[in-house]
Amino acid sequence: MTNEARKPRVKAAQEHRAPALAVAQAVASYGPVGAFTGDPADIIRNMRSGTFADIIPGLAARLGVTQDGLFRLLRLPHSTMKARISKNDTLSSSEQDRLYRTEKVLARTLAVLEDAPSARAWLVQENRSLGGEAPLSLLDTEAGYELVLDTLGRIEYGVVA
């Protein structure tokens, strides 16, 4: 293939990557931290050894909600979580699973909506396609997590959600 014939393909590839790069930068600035980064083996190892509660304030800030709002949405016990944060204790398996799912859904929402304020708003607002629930409020169960990811997939591909 000649250089002239290759130019349109290169330009099209660059244009296709540009939005992906912008999303990657947005996800990096709002994306997962600490125990929820790295390859899957690292994440599993970190979670098995215990995730510390000090990740909660940063996650709440990235979501644009208060810590109390995050506890309410994820159905986490308020007083227990406050105590864990103040002592920087490790989270229980179910608590860290909910926070992990939240990190994953936040990153996926940012990738689909390509705008941090819109992503944060979508996560906390009631959604008709989710039975009138806010997406974050469904992340206390694996089934809810899958439903939210499915809804994001439908939004991404333009299927009525």
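This one's a predicted model, so the numbers in the text were calculated from it and none came from an experiment.

1. Here we look at the confidence of the model for the protein
Summarising the model, the protein shows a mean pLDDT of 83, and 77% of its residues fall at 70 or more. Low pLDDT, under 50, characterises residues 6-32; the stretch is placed with 20 contacts to residues that sit more than four places away or in other chains.

2. Overview of helix α3 (residues 56-63)
Listed as buried for α3 are Ile56, Leu59, Ala60, Arg62 and Leu63. Down the axis of α3, the sector holding all buried residues measures 165°, keeping them to one side. Just beyond α3, the residue with positive phi is Gly64, at close to 75°.

3. Focus on the nonpolar core
Among the nonpolar cores identified, the biggest contains 35 residues, and Ile56, Leu63, Leu70, Leu99 and Val148 are the most heavily contacted of them. At five residues, the largest contribution of residues to this core is made by helix α6 (residues 93-113). When near neighbours in sequence (up to four residues on either side) are disregarded, Ile56 contacts Gln67, Leu70, Phe71, Met81, Ile85, Leu91 and Leu99.

4. Overview of unusual backbone geometry
Here the phi dihedral of Arg75 falls at roughly 55°; this positive angle occurs in a residue that is not glycine. Within the element layout of this structure, Arg75 appears in the loop between α4 (67-73) and α5 (78-87). Owing to a relative accessible area of 43%, Arg75 belongs among the partly exposed residues under this scheme. In the Ramachandran plot, Glu114 falls in the positive-phi region, its phi being about 60° despite a non-glycine side chain. If you trace the backbone, Glu114 turns up in the loop between α6 and α7 (116-124). The exposed category is assigned to Glu114, whose relative accessible area is 52%.

5. Remarks on the packing of α6 against α7
Pairs of packed helices are described in terms of their axes, by the angle between the two and the distance that separates them. In the contact formed by α6 and α7, the axes pass within 9 Å of each other and the chain directions differ by 125°. Taken as axis vectors, α6 and α7 run oblique relative to one another. Considering how the two elements wind past one another, α6 and α7 form a crossing that is right-handed. Judged by residue contacts, Val105, Leu106, Thr109, Leu110 and Leu113 of α6 engage Ala116, Ser118, Ala119, Trp122 and Leu123 from α7. Class assignment of the residues belonging to the contact of α6 with α7 gives a composition of eight nonpolar, two polar and no charged.

The rules behind each value
- Residues numbered from 1 in each chain as written.
- Predicted model: local features only at pLDDT ≥ 70, side-chain atom pairs only at ≥ 80, totals over all residues.
- Heavy atoms only, no water.
- pLDDT = per-residue confidence, 0-100.
- Contact = heavy atoms within 4.5 Å.
- Buried < 20%, exposed > 50% of the residue type's maximum accessible area, 1.4 Å probe, protein only.
- Helix = DSSP H or I, 4+ residues; strand = E, 2+ residues; numbered from the N terminus.
- Arc of directions from axis to C-beta.
- Core = buried A, V, L, I, M, F, W, Y, C linked by side-chain atoms within 4.5 Å.
- Axes fitted to C-alpha atoms, helices over the stretch in contact; angles between N-to-C directions.
- Parallel < 35°, antiparallel > 145°, perpendicular 65-115°, else oblique.
- Left-handed = near helix turned anticlockwise from the far one by under 90°.
- Nonpolar A, V, L, I, M, F, W, Y, C, P; charged D, E, K, R; others polar.

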